[in-house]
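# Summary of the model geometry
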Amino acid sequence: MSKLPKGPPPVRQLYVLRHGIAVAHGTPGYEEDERPLTPKGRKRLKEQIRGFKALGVSPDRILSSPLPRARETAELVADGLGIEDRLELVQQLRPAASSASIRRWLDVLPGDSVMIVGHDPAFSELISVLPLGPGTPRVTDLKKGGLACFQVDQAGRYAMEWLLTPRVLRRLKP
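It should be emphasised that the depicted structure is a prediction, and the values quoted were computed from it without experimental measurement.

### Description of the side chain of T38
Assignment of secondary structure puts T38 in the loop between β1 (13–18) and α1 (39–55). A relative accessible area of 17% places T38 in the buried class. Reaching out from T38, the side chain makes a polar contact with the backbone nitrogen of G41 at a distance of 2.9 Å. When residues no more than four places from it in sequence are discounted, the contact partners of T38 are I21, A22 and V23.

Structural data, given as structure tokens:
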């Protein structure tokens, strides 16, 4: 008789989305943790959602940093995909989180298809750390509004399926 794994099943598909274009660092009148998306950031993100639909992106849950720029990004995506009731704000994705701490959190996160929305530098590091392990140097940058998709096997190994820039996402048609 084989033993069943304890705890929730691992994530099977993971989408990693960096927040959209936000008010610049150091802009007078905005505290660092209160910077929202710019009008251009909101407009472009809405255009990118067409690309999400063309790719068949439809996560079971969207987990977002609670900071305004990430939260707004997640809200626009949830609304555009018609899954507003599946959005959760989580402290594990705040800007101070490291790619290693996010990876440990993801390793025990339940769900078949999850999108996480957060910040750099952790997210650009994360897209290298997930498939290659801790201590892996950054391979590329995840641009603001960029989206990566990973498949996760039963052993918890992450394989990147694709990584798309905001420009490519905006050009995809459903």
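### Here's the deal with the environment of Q91
Among the secondary structure elements, Q91 is positioned in the loop between β3 (87–89) and α3 (99–107). Here Q91 falls in the exposed class, since its relative accessible area comes to 52%. Separated by 61 residues in the primary sequence, Q91 and V152 place their C-alpha atoms 23 Å from one another.

### Quick word on helix α4 (residues 122–132)
The element α4 is largely enclosed, with a buried count of eight among its eleven residues. Along α4, the positions that sit buried rather than exposed are A122, F123, S124, L126, I127, S128, V129 and L130. Residues of α4 that are buried make contact with β1, α3, β4 (113–118), β5 (147–152) and β6 (158–164). Note on α4: the residue one or two positions beyond its end, G133, has a positive phi of about 100°.

### Remarks on the pattern of salt bridges
Side chains that differ in charge, positive against negative, can pair when their charged atoms come close. Evaluation of the coordinates by the stated rule reveals 13 salt bridges. A salt bridge links R35 to E32; its shortest N-O distance comes to 3.0 Å. Of the charged contacts in the structure, one is a salt bridge between E88 and R61, with a shortest N-O distance of 3.0 Å. You can see E88 sitting in strand β3 and its partner R61 sitting in strand β2 (residues 61–64), a full 27 residues away along the chain.

### So, the packing of α1 against helix α2 (residues 68–81)
Between α1 and α2, the shortest axis-to-axis distance is 10 Å and the interhelical angle comes to 45°. Taken together, the axes of α1 and α2 lie oblique to each other. In this structure, the crossing between α1 and α2 has a hand that is right-handed. Along its contact with α1, which presents R42, L45, K46, I49, F52 and K53, the element α2 presents E72, T73, L76, V77, G80 and L81.

### Digging into the packing of aromatic side chains
Summed over the entire model, instances satisfying the criterion amount to two aromatic pairs. For the ring pair Y15 and W162, a centre distance of 6.2 Å and an interplane angle of 45° mean the geometry is tilted. Remark: W162 occurs in strand β6 and Y15 occurs in strand β1; sequence separation between them is 147 residues. Its relative accessible area of 22% is what places W162 among the partly exposed residues. Centre to centre, the rings of F150 and Y158 are 6.4 Å apart; their planes meet at 80°, and the pair counts as edge-to-face.

### As for the nonpolar core
With 22 residues, the main nonpolar core has V16, I102, W105, L106 and I116 as its most contacted residues. Taken together, the elements giving at least two residues each to this core come down to β1, α3, β4, α4 and β5. With five residues, α4 is the largest single contributor of residues to this core. Apart from residues no more than four positions distant in its own chain, I116 is found in contact with L14, Y15, V16, L17, L63, L93, I102, W105, L106, F123 and L126. Counting 21 residues, the second-largest nonpolar core is a separate cluster that includes L17, L37, I49 and I83.

### Details of the pairing of β2
By the bridge criterion, four bridges tie β2 to β4 in an arrangement that is parallel. Bridged to I62 within β4 is M115. Summarising the sheet, β2 and β3 pair through three bridges and their orientation is parallel. If you follow S64 over to β3, its bridge partner there is L89. After leaving β2, the chain enters α2 and then returns to the sheet as β3, a path that is right-handed.

Rules and cut-offs
- Residues numbered from 1 in each chain as written.
- Predicted model: local features only at pLDDT ≥ 70, side-chain atom pairs only at ≥ 80, totals over all residues.
- Heavy atoms only, no water.
- Helix = DSSP H or I, 4+ residues; strand = E, 2+ residues; numbered from the N terminus.
- Buried < 20%, exposed > 50% of the residue type's maximum accessible area, 1.4 Å probe, protein only.
- Polar contact = N/O pair within 3.5 Å; in protein donor to acceptor, adjacent residues only side chain to side chain.
- Contact = heavy atoms within 4.5 Å.
- Salt bridge = Lys/Arg side-chain N within 4 Å of Asp/Glu carboxyl O.
- Axes fitted to C-alpha atoms, helices over the stretch in contact; angles between N-to-C directions.
- Parallel < 35°, antiparallel > 145°, perpendicular 65-115°, else oblique.
- Left-handed = near helix turned anticlockwise from the far one by under 90°.
- Phe/Tyr/Trp six-rings, centres within 6.5 Å; stacked < 30°, edge-to-face > 60°.
- Core = buried A, V, L, I, M, F, W, Y, C linked by side-chain atoms within 4.5 Å.
- Pairing = 2+ DSSP bridges.
- Right-handed = clockwise from strand over helix to strand, strands pointing away.

Scope: geometric values only; no functional claims are made or implied.
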